[in-house]
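# Per-entry structural report
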Amino acid sequence: MKTPSSLLCGLPNMISMLPEILVTNPNIHIATVNQRKSGGTSISGDLVFEKYLEEVKPDLCVFLSPYKGMLGDLSLCLEKGLHIITSGPVPHADKSFQQLVDIVKTNKARWEIRDDFMLDPYQEKLHQAIEETDFGLLVYYREITFGGPSLLSNWWRLCQLYDKAKALFKSEIVETHVSANRQRNKIQLSLTLKSANRANGHIICTNSSYKSDGDLLLIGTGGVMTYEGLHNGPGIFTKRGYQPIPSDPHLPIMSWWDKIIVEETPASEALPSPKRMGIHNDILRAIIRSIKDKRIIKIKPG
């Protein structure tokens, strides 16, 4: 299927992860977001987002990283009637959700949040292995990961792993505690979770020097799944022994992109879920409050 004229927009670390087949596609324009110390942003050099949009004239705009001013750039795309995909929530968009709804309806635009665990090369295989082994009921989930260079990029990763925890628990999360620490340019964000079926979880995201593929531990009633990043590949231990979980680390981004191109979004799904957007932005506000007040923040169930 022919690739529509597309603008892929993200921070340098995310752009560097794109496969060569996307970067060299003549229908895809790559825009690197430069976050200035003064608080402003520029795109691929010194161009402001609006000027770059006029120059490229895309049909599809994909935001691969969060940044200050992203909400304004998103609104601009929607006003032009574009198809917008963000691979995570938009900062503070829940506060102006009705305004965004009106813009989408007026301009016949579309906006989707399509994270799909795109940065987790083991997600699909992980679910499959849990279903097909004697792993049993998941009772504990812990993951530590590199979340990118900024506070917002770590928030995005935290939200992706929050959704991952819900999928693994197969249950609603009924209790969430947020702890955030920032010292100079070092960031560490933490979520402690409890599900309705009594499973517990702990997620840590950091921008400190940490192996990019992270650490993962799942404990079930019948087995243990562990992954220690660079030290070994992921695998599940049960009474039947050890089963490795193979995966291609470049596959997730390509399969994610293929879904975007092939799957047509129904009109009824032209906007993301306000409930999901609300809990993600509740997590962001709790992060900011935890840093300011130097304490753990409890947020409402989502």
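Before any of the text, the structure's been laid out above.
Conventions and cut-offs
Residues numbered from 1 in each chain as written. Predicted model: local features only at pLDDT ≥ 70, side-chain atom pairs only at ≥ 80, totals over all residues. Heavy atoms only, no water. Helix = DSSP H or I, 4+ residues; strand = E, 2+ residues; numbered from the N terminus. Expected span 1.5 Å × (residues − 1). Contact = heavy atoms within 4.5 Å. Buried < 20%, exposed > 50% of the residue type's maximum accessible area, 1.4 Å probe, protein only. Pairing = 2+ DSSP bridges. Disulfide = S-S within 2.5 Å. Phe/Tyr/Trp six-rings, centres within 6.5 Å; stacked < 30°, edge-to-face > 60°. Salt bridge = Lys/Arg side-chain N within 4 Å of Asp/Glu carboxyl O. Axes fitted to C-alpha atoms, helices over the stretch in contact; angles between N-to-C directions. Parallel < 35°, antiparallel > 145°, perpendicular 65-115°, else oblique. Nonpolar A, V, L, I, M, F, W, Y, C, P; charged D, E, K, R; others polar. Left-handed = near helix turned anticlockwise from the far one by under 90°.

### A few points about helix H9 (residues 274–293)
Taking 1.5 Å as the rise per residue, H9 with 20 residues should run 28 Å; its terminal C-alpha atoms sit 28 Å apart, in good agreement. Buried positions along H9 lie against helix H5 (97–107), strand S6 (110–113), helix H7 (151–169), strand S8 (173–183), strand S9 (186–195) and strand S15 (297–299). Positioned one or two residues after H9, Lys294 has a phi angle of 55°, which is positive.

### Considering the pairing of strand S11 (residues 215–220)
Within S11, five of the six residues are buried, which leaves it mostly tucked inside the rest of the structure. Looking at chain direction, strand S7 (residues 138–146) and S11 are connected through six bridges and run antiparallel. When the sheet's bridge partners are listed, Glu143 is paired in S11 with Leu216. Bridge count for S11 against strand S12 (residues 223–227) is four bridges, and the pairing is antiparallel. Looking at the pairing, Leu218 lines up with Met225 of S12. Hairpin connection between S11 and S12: a loop of two residues separates the two successive antiparallel strands.

### Quick notes on the state of the cysteines
Throughout the structure, instances matching the rule amount to zero disulfides. No disulfide involves Cys9; its nearest neighbouring cysteine sulfur is the one of Cys61, lying 5.9 Å away. Relative accessible area serves as the criterion here: at 0%, Cys9 is assigned to the buried category. Cys205 provides the cysteine sulfur closest to Cys159, a residue in no disulfide bond, and the two sulfurs are 9.1 Å apart. Take Cys159: its relative accessible area is 1%, and that puts it in the buried class.

### So, the packing of aromatic side chains
Tallying each qualifying case throughout the model produces three aromatic pairs. Three or more aromatic residues joined by ring pairs form one cluster here, namely Phe49, Phe63 and Tyr67.

### Observations regarding the pattern of salt bridges
The tally for this structure, following the rule as stated, stands at eight salt bridges. Note that Glu112 and Arg114 form a salt bridge whose closest N and O atoms lie 2.9 Å from each other. Here Glu112 falls in the buried class, since its relative accessible area comes to 8%. One salt-bridge network, in which partners are shared between bridges, spans Asp94, Asp282 and Arg285.

### Overview of the packing of helix H4 (residues 70–79) against H5
Taken N-terminus to C-terminus, the directions of H4 and H5 make an angle of 25°; their axes are 8 Å apart at the nearest point. Comparing the axis directions of H4 and H5 gives the class roughly parallel. Every residue of H5 that contacts H4 at Leu71, Leu74, Ser75, Leu78 and Glu79 is listed here: Leu100, Ile103, Val104 and Asn107. In terms of residue class, the contact of H4 with H5 is built from six nonpolar, two polar and one charged.

### Some details on the packing of H7 against H9
Interhelical geometry of H7 versus H9 gives an angle of 130° and a closest axis separation of 10 Å. It follows that H7 is oblique to H9 by the angle criterion. Between H7 and H9 lies a crossing whose hand is right-handed. Side by side, H7 and H9 meet where Leu151, Leu152, Trp155, Leu158, Cys159, Tyr162 and Asp163 of the first sit next to Arg276, Ile279, His280, Asn281, Ile283, Leu284, Ile287 and Ile291 of the second.

Geometry only, nothing functional implied.
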